[in-house]
Amino acid sequence: MQPIQKMGRMGRIYLAYRRRQAALQHLPLRLWIETASCCNLRCVMCPNKDVAAAGKGLMPLELFKKIIDQARHFAFDVNLHHRGEPLMNPALFDMIRYAKAAGLKVRFHTNGTLLDEAKARRLLGAGPTLVSFSFDGFTKETYERVRVGATFEKTRDNILRLVALRQKLGLKKPYVVIEKIRFRNQDAETGPAIAGDPAAAQALHQQFLEAGVDEIIEKEEYVWAEPGTPEAGGKRTFSVCTFPWYAMVICADGTVTPCPQDFHAVMNLGNARETPLKEIWNGPAYRQLRRDFATDIESLTICRTCDRLQRKTVGGVPLQYMTTFLTDQLLSYGRLRKWLGTHERN
């Protein structure tokens, strides 16, 4: 799809969002497809370790293909991650190829611990558009305190090997990003480890860039929107989330939810195993969600605790989402994107 056509479609979606339309003429532009809901780490800030074993698994390739066969007609890109570690799914590389062959931009986020040389070569052969890594704490002490179960040197070398192989093979993709969390709470238990050694962290930062990593992004720590999350006191001003008007999340078992912030899939809007995505998108649950955003956000027990809806907006759209989405779609991933950088990516 040409940039002008993309802009026209995004403009129509924006109008539907501003008008708070419940039934939509368009389908989602971006999908999160959870290839794995299980993870090999127990990171201090991640709710995955608290998910019951029965709720963890891998998306079957058959279900993935069913989703892509529909998404190829309306989506711009797909994110092959959500709550777990994508590299735990043996079918991941086939999934990347299938989505890419369907004309979709393919992105996924990983902790990088499982990316040995064999997997790195398979990944480069599959050809995703973008791969981002969680690498919190640029020193051994910090990293291993946060990413419980991981080894600093192994993950570092996995990332460096990937960019070295990409260069050796003369490839321009995937665009490689490292994401580092800027933690809010540095209490007695985690503070010293998270602080780390600034000089050592800066040295590794430079090493990554010199090796060929395209971007290093510092992100604010997520405040996961979960049932029971304490709510801020006093009067609150909410923006209206854009996700129900342009994106969809599909969990490993086919459950559809409106947003990656709904970590425990509380807001179940349907199941992709049983119902076409088009029907779910304009089904009763999605339409009611859009109405509630327009009239009664306080009734949405997950959304009313989401810190993203209390952040700065432009034209009624949360700035973080708008900036990231527009740069992803209009700049793609190349020299200009690398020069400009990213505000924050989900």
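For the structure, check the block above.
Procedures and definitions
Residues numbered from 1 in each chain as written. Predicted model: local features only at pLDDT ≥ 70, side-chain atom pairs only at ≥ 80, totals over all residues. Heavy atoms only, no water. Helix = DSSP H or I, 4+ residues; strand = E, 2+ residues; numbered from the N terminus. Contact = heavy atoms within 4.5 Å. Core = buried A, V, L, I, M, F, W, Y, C linked by side-chain atoms within 4.5 Å. Buried < 20%, exposed > 50% of the residue type's maximum accessible area, 1.4 Å probe, protein only. Right-handed = clockwise from strand over helix to strand, strands pointing away. Pairing = 2+ DSSP bridges. Arc of directions from axis to C-beta. Polar contact = N/O pair within 3.5 Å; in protein donor to acceptor, adjacent residues only side chain to side chain.

A. How the structure looks around the overall build of the chain. Looking only at helices and strands, the chain features 13 helices and 11 strands. Across the chain, every contact between residues at least 6 apart in sequence was considered, and the portion connecting residues at least 24 apart equals 74%.

B. Representation of the nonpolar core. Membership of the largest hydrophobic core comes to 89 residues, with the highest contact counts inside it found for Leu80, Phe208 and Phe293. For this core, the element with the most residues is helix α6 (residues 152-168), which contributes six residues. When near neighbours in sequence (up to four residues on either side) are disregarded, Phe208 contacts Phe135, Phe138, Arg156, Ile159, Leu160, Ile178, Val213 and Ile216. Formed by five residues, the second largest nonpolar core is a distinct cluster that contains Leu130, Tyr175, Ile217 and Tyr333.

C. Just the pairing of strand β4 (residues 130-134), in detail. Among the five residues in β4, five count as buried, and that is most of the element. Of the two faces of β4, both are covered, the one formed by Leu130, Ser132 and Ser134 as well as the one formed by Val131 and Phe133. For the handedness criterion, the β-α-β arrangement of strand β3 (residues 105-110), helix α4 (residues 117-126) and β4 is classed as right-handed. Sheet topology places β4 next to strand β5 (residues 175-182); five bridges connect them, and they run parallel. Across the sheet, Phe133 pairs through a bridge with Ile178, a residue of β5.

D. Summary view of α4. Looking only at α4, the buried set comprises Ala120, Leu123, Leu124 and Ala126. Buried residues in α4, looked at end-on, bunch into an arc of 160°, giving them a common side. Turned more than 90 degrees away from the buried face of α4, the exposed residues are Ala118 and Gly125. Next to the buried residues of α4 lie α3 (92-101), β3, β4 and α6. Between a side-chain oxygen at the N-terminus of α4 and the backbone nitrogen of Ala118 the separation is 3.3 Å; the capping residue is Asp116. Backbone geometry just downstream of α4 places Gly127 in the positive-phi region, at approximately 80°.

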